[in-house]
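Observations on the model geometry
So you can see what is in the structure, the chains are spelled out below.
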Amino acid sequence: MLNTSPRLEGMHAATATTTGWIEAAAEGGPDCFFCGDPARRYKPLNEGTLTSLRKLWWCRPCETTWVA
């Protein structure tokens, strides 16, 4: 069974790709687990399928990252 729930990641996960942080759409990304604000930046990861790549989301105020 595929686990689709987000998982918390340390900031070291952000260095796994050479792609810089990408600004999310105007409405933002998923809500932060700690402050509840929508994430504003992400990095694509080499996980998932061609049509649904997973993203490393970053909440800048909380300095929290998670994969969704």
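Scroll up to find the structure.
Some points on the packing of aromatic side chains
Throughout the structure, instances matching the rule amount to 3 aromatic pairs. Taken together, a centroid distance of 4.8 Å and an interplanar angle of 40 degrees make the contact between tryptophan 21 and tryptophan 58 tilted. Of this pair, tryptophan 21 sits in the loop between β1 (7-9) and β2 (22-23) while tryptophan 58 is found in strand β4 (residues 52-59), placing the two residues 37 residues apart along the sequence. The exposure class assigned to tryptophan 58 is buried, which follows from its relative accessible area of 11%. When the ring of tyrosine 42 is compared with that of tryptophan 57, the centres are 5.0 Å apart and the planes differ by 50 degrees; the resulting orientation is tilted. With tyrosine 42 in strand β3 (residues 41-49) and tryptophan 57 in strand β4, this residue pair connects regions lying 15 residues apart in the sequence. Pair check on accessibility: tyrosine 42 and tryptophan 57 agree, each one buried. A cation over an aromatic ring shows up here: lysine 43 above the ring of tryptophan 21, its NZ or CZ 5.2 Å from the ring centre. Of note, lysine 55 hangs over the ring of tyrosine 42, and the distance from its end group to the ring centre comes to 4.4 Å.

A short note on the environment of tyrosine 42
Residue classification places tyrosine 42 among the buried residues on the basis of a relative accessible area of 16%. Leave out the neighbours within four places in its chain, and tyrosine 42 touches Gly20, Trp21, Ile22, Glu23, Ala24, Lys55, Leu56 and Trp57.

Description of the pairing of strand β5 (residues 64-67)
Residues Thr64 and Trp66 of β5 are buried on one face, and the alternating residues Thr65 and Val67, pointing to the opposite face, are buried as well. One ladder, built from 4 bridges, connects β4 with β5; its direction is antiparallel. Opposite cysteine 59, over in β5, you have threonine 64 as the bridge partner. Counted between consecutive antiparallel strands, the loop separating β4 from β5 contains 4 residues, among which glutamate 63 sits at a positive phi close to 55 degrees.

Structural notes on unusual backbone geometry
Phi is positive for glutamate 63, close to 55 degrees, though the residue is something other than glycine. Residue position: glutamate 63 is located in the loop between β4 and β5. Under the relative-accessibility criterion, glutamate 63 is labelled partly exposed at 46%.

Thresholds, definitions, all that
- Residues numbered from 1 in each chain as written.
- Predicted model: local features only at pLDDT ≥ 70, side-chain atom pairs only at ≥ 80, totals over all residues.
- Heavy atoms only, no water.
- Phe/Tyr/Trp six-rings, centres within 6.5 Å; stacked < 30°, edge-to-face > 60°.
- Helix = DSSP H or I, 4+ residues; strand = E, 2+ residues; numbered from the N terminus.
- Buried < 20%, exposed > 50% of the residue type's maximum accessible area, 1.4 Å probe, protein only.
- Lys NZ or Arg CZ within 6 Å of the ring centre and 35° of its normal.
- Contact = heavy atoms within 4.5 Å.
- Pairing = 2+ DSSP bridges.

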